[in-house]
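# Residue-level structure breakdown
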Amino acid sequence: MTITFITGANKGLGRETARRLIECGHTVLVGARNREQGEETAAALGARHVPIDVTDDASVAAAAANVAAHEGRIDVLINNAGVHGPVGDPGDLTAAHAFAVLDVNVIGVVRTTSAFLPLLRRSDDPVIVNVSSGMGSLALTHDPDRPESHVVAPLYTSSKAALTMLTTQYAKGLEGIRVNAADPGYTATDLNGHSGPQTVTEGTDAIVALATEGPGAGTGRFVSRHGEIAWS
C-alpha cells in the first residue's frame, strides 16, 4: 500500500489530489493547518488528517512524529501548500510580504522535506512531488500567447521559480529519491478567485501522474498535464 502525505490538502488542488490518489489505492494523509477543515476533508475522503503548519518548525516536526508513530513511513510526499501574495505594482512590496510568501512556498518545502526524509527513506520507492507553477518559468512568462505572461505577481512567480530550482537540486542530491515538480496550469481555485479555465481535476493531472509513476521513472523534471515543459 502506497502511503502519501499531502500538505495543504484540505481544499483545492490538494484535496482533489487526495481524492484521486485514494481512488488509485493510496493511503492518504491529509496535511492541513486548519484542524476543522482537515478533519472534515479526511472524513469525507476516507483519509487521516495530520495537523501541519509548514511555516512552523515545531508543527512540522510534530507532523512527522505523528506519521512515524502511526504509519511508520511514507512513500510519496506532495509539497502542495502555497500562497499567492500581492499582485500588481512591485513598488508596493515590503519585506514582510516577501517573507510571508517565501516562508510557505519555498522555506515551507524545505522544512517539510527535511522533517519527512527519514520516513521517505523507509520506502522501497520514495517520491517527492513539489507543486510549482509555470508562473515561475522564464519561457512561459515571456510568451505573449501564454496566460502566464499577462500576470504581475512578483512574489508568487519568484517563489515558484525558486521551488523549481530547489526541486532540481534535491533531485541531484537525494540519492534514491525521485524528486519532480508539477505545473498544475491555470486552474480554478481559491488562490486565483476561481478564475482559471481548468477544473481542479485537470489541474491535478500532473501531480497525480508524478505520484503514481513506477520505479525507475525520471527525476529532476518539470511536468504539466501536457508533458515535460521548459523552465528557462
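Residues numbered from 1 in each chain as written. Predicted model: local features only at pLDDT ≥ 70, side-chain atom pairs only at ≥ 80, totals over all residues. Heavy atoms only, no water.

Glancing now at the environment of Q37. Take Q37: it is sitting in helix α2 (residues 35–45). In the structure, Q37 is positioned 12 residues away from H49 in sequence and 9.3 Å away in space, judged by C-alpha atoms. (Helix = DSSP H or I, 4+ residues; strand = E, 2+ residues; numbered from the N terminus.)

What follows deals with helix α4 (residues 95–105). By the burial criterion, the buried members of α4 are A98, V101, D103, V104 and N105. Close packing links the buried residues of α4 with α5 (107–120) and α7 (154–173). (Buried < 20%, exposed > 50% of the residue type's maximum accessible area, 1.4 Å probe, protein only. Contact = heavy atoms within 4.5 Å.)

This part takes up the packing of helix α1 (residues 12–23) against α2. Relative orientation of the contacting elements α1 and α2 amounts to 25°, with a least axis distance of 10 Å. Classified by the angle their axes make, α1 and α2 are roughly parallel. Crossing geometry of α1 relative to α2 is assigned as right-handed. Every residue of α2 that contacts α1 at R15, A18, R19 and I22 is listed here: T41, A44 and L45. When grouped by side-chain class, the residues that make up the contact of α1 with α2 number four nonpolar, one polar and two charged. (Axes fitted to C-alpha atoms, helices over the stretch in contact; angles between N-to-C directions. Parallel < 35°, antiparallel > 145°, perpendicular 65-115°, else oblique. Left-handed = near helix turned anticlockwise from the far one by under 90°. Nonpolar A, V, L, I, M, F, W, Y, C, P; charged D, E, K, R; others polar.)

In terms of residue burial, strand β6 (residues 178–182) counts as a mostly covered element, since five of its five residues are buried. Alignment of strand β5 (residues 127–131) against β6, held across five bridges, turns out to be parallel. In the strand pairing of β6, V127 is matched with R178. Pairing of β6 with strand β7 (residues 222–224) involves two bridges; the strand directions are parallel. Residue A181 lies in a different strand from β7, and its bridge partner there is F222. (Pairing = 2+ DSSP bridges.)

A few words now on the side chain of N105. Along the polypeptide, N105 turns up in helix α4. Within the local environment of N105, its side chain forms a polar contact with the backbone nitrogen of V83, the two atoms lying 2.9 Å apart. Polar side-chain contacts of N105 include one of 3.0 Å to the side chain of S159. Filtering out sequence-adjacent residues up to four positions away, N105 remains in contact with A81, G82, V83, Y156, S159, K160 and L163. (Polar contact = N/O pair within 3.5 Å; in protein donor to acceptor, adjacent residues only side chain to side chain.)

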